Amino acid sequence: MALNQEGCLSVPGVYENVERADSVTVTALDENGARFTLNASGLLATCIQHEMDHLQGKVFVEYLSELKLNRIRAKLKKRQRKAA
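Below, the structure is looked at part by part.

Reading the values: rules and limits
- Sequence positions are assigned chain by chain, starting from 1 and proceeding in written order.
- Under the rules for a predicted model, residues below a pLDDT of 70 receive no local features and side-chain atom pairs below 80 are neither given nor counted, while totals for whole chains, interfaces and linings still include all residues.
- In computing side-chain properties, one takes all heavy atoms of the structure into account and sets aside hydrogens as well as water.
- By the criteria applied, helices consist of DSSP H or I runs no shorter than four residues and strands consist of E runs no shorter than two, each listed in order from the N terminus.
- Any two residues whose heavy atoms approach within 4.5 Å at even a single point are treated as in contact.
- Nonpolar core, defined: a set of buried Ala, Val, Leu, Ile, Met, Phe, Trp, Tyr and Cys residues in which side-chain atoms within 4.5 Å join the residues together.
- Exposure is judged per residue with a 1.4 Å probe applied to protein chains only, and the accessible area is read against the type maximum: over 50% gives exposed, under 20% gives buried, and values in between give partly exposed.
- A pairing counts as a salt bridge when a side-chain nitrogen of Lys or Arg comes within 4 Å of a carboxyl oxygen of Asp or Glu.

Looking now at the environment of G13. The residue G13 is located in strand β2 (residues 11-20) in this model. Along the chain, G13 and V61 lie 48 residues apart, while their C-alpha atoms are 12 Å from each other. With sequence-adjacent residues up to four places away left out, G13 is seen in contact with K75 and R79.

See below:
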């Protein structure tokens, strides 16, 4: 497992450390529909896991503690009030 700072356009301006697997193996289809397997590590592995979460309706902040999540909610609400 690796701890890396993540951010996302779904939660603009928020960056937090998230623990994810160091490496992943995925099977996918290329632009011609041919199946291939990709072994990824490092940043690419983190990106793949981040994007797979989106496909399942999840954002990276859901991996954080309740305390951090509440702080982020408060920050975003404050930002909304200032923008209004």
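With that settled, consider the nonpolar core. One finds C8, V11, V14, V18, F60, V61, L64, L69 and I72 forming the largest nonpolar core, which totals nine residues. Top element by residues in this core is β2. It accounts for three residues.

The final tally for this structure, using the stated rule, is five salt bridges. Across the pair R20 and E6 runs a salt bridge whose closest N-O atoms are separated by 2.5 Å. Highlighted residues: R20 in strand β2 and E6 in strand β1 (residues 2-8), separated in sequence by 14 residues. The two residues R20 and E6 agree in class, both being buried. Measuring nitrogen to oxygen at the nearest pair gives 3.6 Å for the salt bridge that ties E66 to R73.

In short, shape yes, function no, at least from these values alone.
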